[in-house]
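Okay, here's what each chain looks like letter by letter:
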Amino acid sequence: MKNLSGWNRVVFCALIFAARSHAQTRTGSSFTKPELALLTQCEALEHRFDRRALLFHDTMLDQHLAGAATPLLPDLPPTHVHWRFLVLRDPLVNSFSLPDGTVYLSTGLLSLLENDDQLASVLAHEIAHVTNGDAFAFQREYRKKETVRSVTTLAAVASSSVLGGGIAALLAPDLLAEAIVAEGGRPIQLWITSGYGDEAEHIADQAALGLLARAGRDPGQLARSLDLMNDPLDELPVLTFAADRAKLRQRLTGLQTQPAASRAVDGKSYFAAAENAIRENITMDIDSRRFRTAVASARRIQTAHPVDARALYVLGEAYRVLGPRTAEPSAEERSPEGRRAAVKNFASRTAEEEDKILAATPPGRAARDSNWKKTEALFQEAAHLDPQLADPHRGLGVLYSEQNRIDEARVQYREYLEMSPTAPDRLQIENRLAALDHPGTAH
Amino acid sequence: MKLQVALLALWGAVSVLGDGQVNAKLKNGNRQMKSILVLPAETTITMFGFKGSQGLWPENDKFEDDLTALVGKTLTLHRAKISATPLAEVSAANRQELAEVQRKFDSVQAQILRSRGGVRKGRYSLGDSVAGYAAASSADTLVFIRAKGRLPVNLKVGAFLMPELDGQLTFVDARTGEILAFLEFICDSHNWMKSVDQLVSHIQESLIPVWTSL
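Residues numbered from 1 in each chain as written. Chains lettered and ligands numbered in written order. Predicted model: local features only at pLDDT ≥ 70, side-chain atom pairs only at ≥ 80, totals over all residues.

Here we take up the overall build of chain A. The secondary structure content of chain A amounts to 22 helices and four strands. In chain A, which comprises 443 residues, the proportion classed as buried is 43%. Considering only contacts in chain A between residues 6 or more positions apart, those separated by 24 or more positions represent 68%. (Helix = DSSP H or I, 4+ residues; strand = E, 2+ residues; numbered from the N terminus. Buried ≥ 20, exposed ≤ 12 C-beta atoms within 10 Å, placed from the backbone. Contact = placed C-beta atoms within 7 Å.)

Spelled out as structure tokens, the structure:
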């Protein structure tokens, strides 16, 4: 394998992939009881996502995903596989597949990707996992390891029988950790957040390259999509497979022999299909303190619709919440130390505390003043472009209130309430107005 | 001796963590909770055994709905006006709005769990955008319920491995989004899965710090 390079390697891996795919064509009765239980759990997972309104439904996007995936699919689906491609409302960059053929992409990932070939590369990678039966292999391995671990733990507990049950559990940190497993139990949580293991991921990447080439896509876009994941604008303390730099670097190393993204791929059709998901993800990015990512997505939408009042409003709002930060992280912030510090600050400070600390520094103040100017200009332009749109007045009210321009804030809030008498946030704005009229009351 | 000291320190730490955290505003009697909206509970129940853990999704759904109703019923005993709608009864159209509020809470809860003491100082808030949550328009307080439960596949093994449920009730000001109280309850038997009513005494006990505010 080490002697192979470039496309020879792709062909070699494609052959392995094909062989493994063939091996997966099993009859229903050849599935073990735990494997069948896993398939049942996959069905329940979708119900669970749906119950919590986590599935993002958009006819155009759904059709686009199916269209991008179809040329990548094997001629015959493995047993128990019904291919489906769903979008999850989740600002974290992530994608995962279930052994029943359901592939989930997060809105955070869709906001990051640039074109259809990158989308296809993510889909191809997940399709390869399903076809390879990686979930079943992972589950088998997990159960073996857990059995050994449990026996060891039980032996430790038995040997310290003088201790009560509560203390016994302290001897078994791994079992205590079970208390924080995700709802699907540890195996599903692990492969959703951490991937299937280095070897399986490498094989899936190589298989994806073969599938992309077969479908007439640019295989170089797989590495490009990993590059995008490897350089996020915001850090989060949640480490998913797509945000784990060590694993991304390893995957990129595995792709080094491939040609780089060979041609500029037009991103227009991709953006048109994913636009609603990207728009919705901006709100989630803001809620999860991914302010820079929110600005980047809002810029993308505003670039596509330069005279759309709503797009201008969304960009203005993104700049407002960006506050004392720059739109792009500095070299220091991009360094490993900077990224670690960002994760630490995220976990230990509230958003308000962080804003306050940053705004107390000269660069923070400068960034905040610059962002405020941009915000005001964008809100005013939006209000000018569409005089019927109430949101820019709400935004100006919030901005002026932050800037202590109380009278102007009052005017804008009142205008918003007049223009939008049935706004869902009417109570919130009335509370804010009351707080402006009576400083010191809850705001 | 060293082990005894370590265990004592650990017991002390656990006791402190187990105490409810109440915002000074509530503790001083400056704030009363008269009309409470209990949001649908979000729980995670897993079954564990020698070969690892696996999910219990259908059971989880039912448990969430039962727990929501139970918390509502328990709070009603304290004379507050309560509205508790299990997720199964929330319309599909309203679920997305609810999901946004729940997501906002989850991001703040992660910080509360890291430093519970901040609740007393009024450090945490979901922001006043919670006032825009239509279902809460007539409420002055929102209650978020979270719980994690573990059930053994085999009860004999479970005797060793401590089946348990730990949950949190968080009271949030429906106007400002400020966290008013963060209360925790723990049940160290598996009876809660047979009937959620087994949790009544645990929930009542956890509510003691906010009784006077209800």
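This paragraph deals with the pairing of strand β8 (residues 179-187) of chain B. All names here are of chain B. In terms of burial, β8 is a largely internal element, eight of the nine residues being buried. Here strand β1 (residues 21-22) pairs with β8 via two bridges, running antiparallel. Each residue of the ladder has a partner; that of V22, found in β8, is A181. Here strand β7 (residues 164-173) folds back onto β8, and the loop between the two strands holds five residues, one of which, G177, carries a positive phi near 85°. (Pairing = 2+ DSSP bridges.)

The subject of this paragraph is the domain arrangement of chain A. Residue and element names in this part refer to chain A. Under the domain assignment used here, chain A contains domain 1 (6-138 + 187-254) and domain 2 (268-437). Counting from both sides, the interface comprises 21 residues of domain 1 and, opposite them, 24 residues of domain 2. Elements represented by at least two residues in the side of domain 1 that touches domain 2 include exactly α3 (59-69), α4 (107-112) and α5 (116-132). Its residues placed into classes, the side of domain 1 that touches domain 2 shows 11 nonpolar, five polar and five charged. (Domains from an automatic or database assignment. Nonpolar A, V, L, I, M, F, W, Y, C, P; charged D, E, K, R; others polar.)

The next thing to look at is the nonpolar core. Counting 74 residues, the largest nonpolar core has L123, A124, A208 and A318 of chain A as the members making the most contacts within it. Ranked by the residues each element gives to this core, the list is headed by helix α15 (residues 309-322) of chain A, at nine residues. Each of two domains, domain 1 (6-138 + 187-254) and domain 2 (268-437) of chain A, supplies a minimum of three residues to this core. The contact partners of A208 of chain A, leaving out residues within four places of it in the chain, are S121, A124, H125, A128 and L222 of chain A. Listed in part, the 63 residues of the second largest apolar core include L38 of chain A together with V22, I36 and F171 of chain B. (Core = buried A, V, L, I, M, F, W, Y, C linked by C-beta atoms within 7 Å.)

Here the focus is the sheet that holds strand β3 (residues 95-97) of chain A. Residues and elements named next belong to chain A. With mixed pairing, four strands are arranged side by side in an open sheet as β1-β2-β4-β3. Edge strands, defined here as strands with exactly one partner in the open sheet, are β1 (55-56) and β3. Pairing between strand β2 (residues 84-88) and strand β4 (residues 102-106): five bridges, direction parallel. Each bridged residue has a counterpart across the sheet, and for F85 the counterpart in β4 is V103.

With that settled, the discussion passes to the packing of helix α19 (residues 362-385) of chain A against helix α20 (residues 391-402) of chain A. All names here are of chain A. In contact at an axis separation of 9 Å, α19 and α20 are set at 155° when each is read in the N-to-C sense. The pairing of α19 with α20 is recorded here as roughly antiparallel in orientation. The element α19 and its partner α20 pack so that their crossing is left-handed. Only P392, H393, G395, L396 and L399 of α20 make contact with α19, whose side of the interface consists of W372, T375, E376, F379, A382 and A383. (Axes fitted to C-alpha atoms, helices over the stretch in contact; angles between N-to-C directions. Parallel < 35°, antiparallel > 145°, perpendicular 65-115°, else oblique. Left-handed = near helix turned anticlockwise from the far one by under 90°.)

Turning next to α5 of chain A. Residue and element names in this part refer to chain A. Along its 17 residues, α5 runs 24 Å from first to last C-alpha, staying within 8% of the 24 Å computed at 1.5 Å per residue. Counting buried residues along α5, 17 of its 17 residues qualify, which places the element largely inside the surrounding structure. Where α5 ends, the next residue or the one after it, G133, has phi of about 65°, a positive value. (Expected span 1.5 Å × (residues − 1).)

What follows concerns the pairing of strand β5 (residues 81-84) of chain B. All names here are of chain B. Side chains of β5 alternate between two faces, with I82 and A84 buried and K81 and S83 left unburied. By the bridge criterion, four bridges tie strand β2 (residues 35-38) to β5 in an arrangement that is parallel. Looking at the pairing, I36 lines up with I82 of β5.

On to the packing of α3 of chain A against helix α13 (residues 268-287) of chain A, then. Residue and element names in this part refer to chain A. Close contact between α3 and α13 brings their axes to 8 Å; oriented N to C, the two are set at 130°. One element, α3, and the other, α13, form an angle in the oblique class. α3 and α13 meet at a crossing whose hand is left-handed. Residues M60, L61 and H64 of α3 form the contact with α13, whose own contacting residues are A273, A274, N276 and A277. Of the residues belonging to the contact of α3 with α13, the class tally is five nonpolar, two polar and no charged.

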